[in-house]
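Notes for the structure review
What follows is the residue order along each chain.
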Amino acid sequence: MSNQEKLLKRIKDKKIRVGVIGLGYVGLPLAILLARKGFNVNGYTKTEKEATLIRGGFSRIGMDKELKKVLQTGRLQVHSIKTKKLQETEVYIICVPTPIDKKKKPDLSSLKEIAKKLSKINLESKLIINESTVAPFTTRKIFGSIGKNYFLVCSPERIDPGSTKTVENIPKLIAGINADSLTLAVALYKQILKNKLVVVKDMEVVEMSKMLENTYRAVNIALVNEFAKVADAININILDVIKTAKTKWSFQAHYPGIGVGGHCIPVDPHYILELARGKKVNMQVVVDGLAENESMPEYVGQKIIKNYKKGMKILIYGLTYKNDVADLRESPVIVLCQFLKNRKIPFTVYDPLLDEKEIKKLGYRIGRNVKADIFIVGTDHKTLALDYQLMVNDQTIVIDGKNYFKNRVGKKVLGVGWSYEE
């Protein structure tokens, strides 16, 4: 029996120990799912402090209940990546961030650090799966030659934080460096996922597919943002326009707003742009689309300035990039706040998902349950349904950056490409 056949049998029999490297929005749900499905799992974090918190049942992503349940079974162990525990696992699933730097260039430092650590242990007959989002050729380049006789797979994550689409229910893209590697990964994911496995011949195809998925959304959001600006200029409700356009079967609705945040849509396109530049290919549509989305916080900010008079109380509701998710990464609301600060316009903020210390650390004053002259919807958390009634009166001007209000509240509601006025 070959080494691949031995590992395949151990995977099918759930005799292996799986290592999940990175326990954030991608890694922790996956580690919990693997443990829940009967695998023994080692979860690896960057620091011992974070490992201690997770061992205590506390997560940063709102999965405390699920986490505590699997910890009680003993099938999930949590360690710092610095420990010798890295050697004892047979399958490594890499789920570390791949952000962009201040110059909007791909930052692969975390991925390269993991590759460096793995290169120092015996990888023979082991399986490495890269779930981190990268441009074509990256998985092969970083993990393709860090040891001898191991198996390598690329399977980019498709997690949507806060969505009902969980890791278990999302179609899974899988490609291996060779057929043996692919067979092992398919055997593993088949045992934990309910949705289909999309088996692809080349790793570079799945890498580029992930680039296309998120760039497609970025560009289409930019398109509707441009339409919204025109709608504002000619006093047409863009939401009515979108609703009407949706009656055509080939139209997929996207919506305007305060901007695009999170770790994927405003970030991933820069990875494919970097690759394209290296090949002297101009992706002007993508470049312009990203610039359009990045302009939206200022566009909303100008609506505030137009309605602001000295002495008015401004309250921004919600700082996170997405409703009901406590994640500030790339949040356009933070950009809006900086826009106001730069112009010395005073404001307070409130976000029910963030504690006061976190908000104050950002340098903002808290304005919970304060009647506002200008009330800005930065994030449409579900708590907004009740909270706004404590903060909005008949004279409040509401500036809705998330298409939340369907009728007029306060004096008037100004959206992005629509309004409800007296």
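Everything below is about the structure printed above this text.
This report concerns the structure included in the present document.

Remarks on the overall build of the protein
The helix and strand tally for the protein stands at 15 helices and 15 strands. In summary, the protein has a C-alpha radius of gyration of 24 Å against a globular reference of 22 Å for 422 residues, a match within 12%. The buried share of the protein, reckoned over its 422 residues, is 52%. At a minimum sequence separation of 6, the contacts of the protein that also span at least 24 residues come to 69%. Put simply, the protein shows about 20,800 Å² of open surface, and 53% of that area lies on carbon and sulfur atoms. With 70 positive and 44 negative side-chain charges, the protein shows a spacing of 3 Å between the two charge centroids.

Concerning the packing of aromatic side chains
The final tally for this structure, using the stated rule, is six aromatic pairs. Between phenylalanine 347 and tyrosine 364, the aromatic rings sit 5.9 Å apart at their centres with planes inclined by 50°, giving tilted as the arrangement. Taken together, the positions of phenylalanine 347 in the loop between helix 13 (332–342) and strand 10 (348–350) and tyrosine 364 in the loop between helix 14 (356–361) and strand 11 (365–366) put the pair 17 residues apart, joining distant regions of the chain. A relative accessible area of 8% places phenylalanine 347 in the buried class. Three or more aromatic residues joined by ring pairs make a cluster, and in this case those are Tyr317, Tyr350 and Phe375.

Structural notes on the sheet that holds strand 10
Sheets are built from strands paired through backbone hydrogen bonds, the pairs being either parallel or antiparallel. With respect to topology, seven strands assemble into an open sheet ordered 11-10-9-12-13-14-15, the strand pairing being mixed. What marks the edges here is a single partner per strand, and that holds for strand 11 and strand 15 (419–420). Where strand 9 (residues 314–317) lies against strand 10, three bridges are found, and the strand directions are parallel. In the strand pairing of strand 10, isoleucine 316 is matched with valine 349. Here helix 12 (residues 296–307) sits on the sheet in contact with strand 9, strand 12 (374–377), strand 13 (397–400) and strand 14 (412–414), set at roughly 170° to strand 13.

Topic: a nonpolar patch on the surface
A cluster of nonpolar side chains, Val230, Ile234, Ile236 and Val241, forms an exposed patch at the surface whose accessible area comes to about 320 Å². Secondary-structure assignment places valine 230 in helix 8 (residues 203–234). According to the relative accessible area criterion, valine 230 is partly exposed, its value standing at 48%.

Observations regarding helix 3 (residues 48–55)
Buried residues of helix 3: Glu50, Ala51 and Ile54, and no others. Considered in projection along helix 3, the buried side chains sweep an arc of 100° and stay on one side of the axis. Contacts made by the buried residues of helix 3 are with helix 2 (27–36), strand 2 (40–45), helix 4 (64–73) and strand 3 (76–80).

Looking at the environment of glutamine 395
You can see glutamine 395 is positioned in the loop between helix 15 (384–391) and strand 13. What makes glutamine 395 exposed here is its relative accessible area of 55%. Distance from glutamine 395 to glycine 56, taken between C-alpha atoms, is 48 Å for residues 339 residues apart in sequence. Apart from the residues lying within four places of it in its own chain, the contact partners of glutamine 395 are Asp373 and Lys411.

Here's the deal with the sheet that holds strand 8 (residues 197–199)
In spatial order, the strands read 3-2-1-4-5-6-7-8; together these eight strands make up an open sheet with mixed pairing. On the outer flanks of this sheet lie strand 3 and strand 8, each paired with one strand and no other. Geometrically, the sheet is characterised by an average inter-axis angle of 25° between neighbouring strands, direction not taken into account. Of the strand pairs in this sheet, strand 5 (residues 127–130) and strand 6 (residues 151–154) are connected by four bridges, and their pairing is parallel. Along strand 6, the bridge assignment pairs isoleucine 129 with valine 153. Here helix 7 (residues 179–190) sits on the sheet and contacts strand 1 (17–21), strand 4 (91–94), strand 5, strand 6, strand 7 (172–176) and strand 8; the angle it forms with strand 7, its principal contact strand, is near 155°.

Thoughts on the pairing of strand 12
With burial as the criterion, each face of strand 12 is covered, one bearing Ile374 and Ile376 and the other bearing Phe375 and Val377. Bridge count between strand 9 and strand 12: four bridges; the pairing is parallel. Looking across to strand 12, one finds that isoleucine 314 is bridged to isoleucine 374. In terms of strand pairing, strand 12 meets strand 13 through four bridges, oriented parallel. Each bridged residue has a counterpart across the sheet, and for phenylalanine 375 the counterpart in strand 13 is valine 398. Between the parallel elements strand 12 and strand 13, the chain passes through helix 15 in a crossover that is right-handed.

As for the side chain of lysine 303
Among the secondary structure elements, lysine 303 is positioned in helix 12. For lysine 303, a relative accessible area of 16% gives the class buried. Side-chain polar atoms of lysine 303 contact the side chain of aspartate 232, separated by 3.0 Å.

With respect to unusual backbone geometry
Positive phi is not limited to glycine here, since lysine 104 has a value of about 65°. Position of lysine 104 among the secondary structure elements: in the loop between strand 4 and helix 5 (109–119). Residue lysine 104 is classed as partly exposed on the basis of its relative accessible area of 33%. Of note in this structure, asparagine 403 is not a glycine but carries a positive phi near 55°. For asparagine 403, the location among the structural elements is in the loop between strand 13 and strand 14.

Re helix 2
Within helix 2, nine of the 10 residues are buried, leaving the element largely enclosed by the surrounding structure. The complete set of buried residues in helix 2 reads Gly27, Leu28, Pro29, Leu30, Ala31, Ile32, Leu33, Leu34 and Ala35.

Rules used in this analysis
Residues numbered from 1 in each chain as written. Predicted model: local features only at pLDDT ≥ 70, side-chain atom pairs only at ≥ 80, totals over all residues. Heavy atoms only, no water. Helix = DSSP H or I, 4+ residues; strand = E, 2+ residues; numbered from the N terminus. Rg over C-alpha atoms; globule rule 2.2 N^0.38 Å. Buried < 20%, exposed > 50% of the residue type's maximum accessible area, 1.4 Å probe, protein only. Contact = heavy atoms within 4.5 Å. Areas by Shrake-Rupley, 256 points an atom, 1.4 Å probe, with all protein chains shown as cover. Lys, Arg positive; Asp, Glu negative; His and termini not counted. Charge placed at Lys NZ, Arg CZ, Asp CG, Glu CD. Phe/Tyr/Trp six-rings, centres within 6.5 Å; stacked < 30°, edge-to-face > 60°. Pairing = 2+ DSSP bridges. Axes fitted to C-alpha atoms, helices over the stretch in contact; angles between N-to-C directions. Patch = residues over 30% accessible without salt bridge, like charges linked within 9 Å, V, L, I, M, F, W, Y side chains within 5 Å. Salt bridge = Lys/Arg side-chain N within 4 Å of Asp/Glu carboxyl O. Arc of directions from axis to C-beta. Right-handed = clockwise from strand over helix to strand, strands pointing away. Polar contact = N/O pair within 3.5 Å; in protein donor to acceptor, adjacent residues only side chain to side chain.

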